[in-house]
Amino acid sequence: MKLGIIGLGLIGGSMAIDLKKRGFADEVIGSTRTAVSAAAAGKIGLVDRVVDNDTCIDEADVIVVAVPAGVAVKLLPYILDRFEKQEKESGEPCSKIVIDVCSTKEHIMRSVHYHRMRRRYVSTHPMAGTEYSGPWAAIPGLFDGRACIFCNIEDSDPAAVRTIEKLYDTLNMRPLYMNSSNHDVHTAYVSHISHVTSFALALTVLDKEKDEKHIFDLASGGFSSTVRLAKSNDAMWVPILTQNRDNVLHVIDTYIEKMKQFRDAIDNCDEEQIGELIREANKIKRIIR
């Protein structure tokens, strides 16, 4: 098995580490956008070889697209075009598989829905990550015990799906299956809104507290953990928030409504209402420990 990874950042790099170490792939090759990232990936030893995109696509049996959603929506049709060209030239059915690991799905799925090689694509979203980016952010064990969402598997070749299920089993992930529309709704609620609120909180603090030393000295663990996601890369999050626009806007509106309930209760010094809102929020402990 030769594994190709396009995008050697946090997700792609972490996959490269564990899939090679745990024996899923005999060789891992990878490509990345900048010379700095390529040099870092080579020096760290994330992959056996750093190559260009076309070499990665042509040589690998399984290709992981681990790039921002705005890039993936253009890159995936290109990869499937290349699969089709190779199939015509060889006269043999294509056995290659391509997957993506993006946080939005509907927009990407539409870009390849009618492609002749659509069945060689398996749509996945490993629910893992940190606020850091780049090859130097890659770490072993990032995916252990986490969920991986498979979308619209009925549109993919069953043998290809089984191979990718084995890939994520090697990463010790548990599979969940849903359609792309439901995926985008759920991720808007459990992932995307967390980043938006973290960005907004960071902007609020930076706007009102001009003394950086006070922010550093007075920020408690609670603030640091809440605003942690504000360190996330804009190149990744701009296309996520625009591609999942409708769902994210709905969640933001709901969030603003809940914030207004808190504001009104605090403004009225209504201790009973403030306590009730907090107790209602505490019910999340039943789900997340």
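Please refer to the structure higher up on the page.
Below is a summary of the structure that appears in this document. (Residues numbered from 1 in each chain as written. Predicted model: local features only at pLDDT ≥ 70, side-chain atom pairs only at ≥ 80, totals over all residues. Heavy atoms only, no water.)

## Concerning the packing of helix α7 (residues 180–208) against helix α11 (residues 245–267)
To describe two helices that pack against each other, one gives the angle between their axes and the distance between the axes. Relative to each other, α7 and α11 sit at 60°, their axes nearing to 9 Å. Classified by the angle between their axes, α7 and α11 sit oblique to one another. Both α7 and α11 take part in a crossing whose hand is right-handed. Taking contact as the criterion, the partners of D184, V185, A188, Y189, H192, I193, V196 and T197 in α7 are, on α11, N247, V248, H250, V251, I252, T254 and Y255. Broken down by class, the residue content of the contact of α7 with α11 amounts to 9 nonpolar, 5 polar and 1 charged. (Axes fitted to C-alpha atoms, helices over the stretch in contact; angles between N-to-C directions. Helix = DSSP H or I, 4+ residues; strand = E, 2+ residues; numbered from the N terminus. Parallel < 35°, antiparallel > 145°, perpendicular 65-115°, else oblique. Left-handed = near helix turned anticlockwise from the far one by under 90°. Contact = heavy atoms within 4.5 Å. Nonpolar A, V, L, I, M, F, W, Y, C, P; charged D, E, K, R; others polar.)

## With respect to the packing of aromatic side chains
Enumeration according to the criterion identifies 2 aromatic pairs in this entry. With a centroid separation of 5.7 Å and an interplanar angle of 80°, the aromatic rings of F150 and Y168 are classed as edge-to-face. Of this pair, F150 sits in strand β7 (residues 147–151) while Y168 sits in helix α6 (residues 158–170); the two residues are 18 residues apart in sequence, bridging distant segments of the chain. The two residues F150 and Y168 agree in class, both being buried. (Phe/Tyr/Trp six-rings, centres within 6.5 Å; stacked < 30°, edge-to-face > 60°. Buried < 20%, exposed > 50% of the residue type's maximum accessible area, 1.4 Å probe, protein only.)

## Quick look at the nonpolar core
By size, the foremost hydrophobic cluster in this structure holds 35 residues, and its most contacted members are L3, M15, I164, L167 and Y168. Ignoring sequence-local partners within four residues, the contact set of L3 consists of L19, A25, E27, V28, I29, A60, V62, V64 and L167. (Core = buried A, V, L, I, M, F, W, Y, C linked by side-chain atoms within 4.5 Å.)

## Describing α7
Taking 1.5 Å of rise per residue, the 29 residues of α7 would be expected to cover 42 Å, and the 40 Å separating its terminal C-alpha atoms lies within 8% of that figure. A maximum bend of about 50° is found in α7 at A188. Two to three positions downstream of the cap, the backbone nitrogen of S181 sits 3.1 Å from a side-chain oxygen, assigning the N-cap of α7 to N179. (Expected span 1.5 Å × (residues − 1). Bend = angle between axes of the 7 residues up to and from the residue. Polar contact = N/O pair within 3.5 Å; in protein donor to acceptor, adjacent residues only side chain to side chain.)

## Digging into the state of the cysteines
Considering all chains together, one arrives at 0 disulfides under this definition. Distance from the sulfur of C148, which forms no disulfide, to the nearest cysteine sulfur (C151) is 9.0 Å. On the basis of relative accessibility, which here comes to 1%, the residue C148 falls in the buried class. (Disulfide = S-S within 2.5 Å.)

## What to know about the sheet that holds β7
Strand pairing in a sheet is mediated by backbone hydrogen bonds. Such pairs are either parallel or antiparallel. Taken in spatial order, the 8 strands line up as β3-β2-β1-β4-β5-β6-β7-β8 in an open sheet, and their pairing is mixed. Strands at the two margins of the open sheet, each flanked by one partner only, are β3 (49–50) and β8 (174–178). Here strand β6 (residues 121–126) runs beside β7; their pairing, made up of 4 bridges, is antiparallel. Across the sheet, the residue bridging to T124 is F150, located in β7. Packing against the sheet, α7 makes contact with β6, β7 and β8, and its axis sits at approximately 115° to β8. (Pairing = 2+ DSSP bridges.)

## Here we look at the side chain of D184
Residue position: D184 is located in helix α7. The charged side chain of D184 is buried without a salt bridge, its nearest counter-charge being R110 at 7.0 Å. Excluding residues within four positions of it along the chain, D184 makes contact with S103, T104, K105, E106, N244 and N247. (Lys, Arg positive; Asp, Glu negative; His and termini not counted. Salt bridge = Lys/Arg side-chain N within 4 Å of Asp/Glu carboxyl O.)

## Structural notes on the pattern of salt bridges
Summed over the entire model, instances satisfying the criterion amount to 19 salt bridges. Across the pair E87 and R116 runs a salt bridge, and its minimum N-O distance is 2.9 Å. One end of the pair, E87, is in helix α4 (residues 69–90); the other, R116, is in the loop between α5 (106–112) and β6, and 29 residues separate them in sequence. Measuring nitrogen to oxygen at the nearest pair gives 2.5 Å for the salt bridge that ties K105 to D100. Accessibility assignment for this pair places K105 and D100 in one class, buried.

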